[in-house]
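# Close look at the chain arrangement
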Amino acid sequence: MNSPIKRSVVILGHQTSVSLEGPFWEALNQIALERNTSINRLITEIDRKRKGNLSSALRVFVLNNLKSQIKI
């Protein structure tokens, strides 16, 4: 079972912690690499658009990114 991993991130100069399962951290890192940006900058971008919990917004972002790649 994948237990959540808590990591510190910086969003607009403010440090916060986010808990996500390992595969989501791996996916976010890969997306950041593909976009030639940092994971903090990617999370900041997602944070600006979210309406609910940050961890949930990150999971949905990863899912939507995957869906767009496989055309679902």
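Before reading further, recall that the structure is shown in the block above.
Predicted, not measured: the structure shown is a model, and the values here were computed from it.

It is worth spelling out helix H1 (residues 22-34) at this point. Across its 13 residues, H1 extends 18 Å between first and last C-alpha, which sits within 8% of the 18 Å expected from 1.5 Å per residue. Taken together, the buried positions of H1 are Gly22, Trp25, Leu28, Ile31 and Ala32. Buried residues in H1 make contact with strand S1 (4-11), strand S2 (14-21), helix H2 (39-49) and helix H3 (54-70). With its phi angle positive at about 55°, Asn36 sits one or two positions after the end of H1.

Here S1 runs beside S2; their pairing, made up of eight bridges, is antiparallel. Across the sheet, Ser8 pairs through a bridge with Ser17, a residue of S2. Connecting the antiparallel pair S1 and S2 is a turn made up of two residues, with Leu12 showing a positive phi of about 50°.

Definitions and cut-offs
- Residues numbered from 1 in each chain as written.
- Predicted model: local features only at pLDDT ≥ 70, side-chain atom pairs only at ≥ 80, totals over all residues.
- Heavy atoms only, no water.
- Helix = DSSP H or I, 4+ residues; strand = E, 2+ residues; numbered from the N terminus.
- Expected span 1.5 Å × (residues − 1).
- Buried < 20%, exposed > 50% of the residue type's maximum accessible area, 1.4 Å probe, protein only.
- Contact = heavy atoms within 4.5 Å.
- Pairing = 2+ DSSP bridges.

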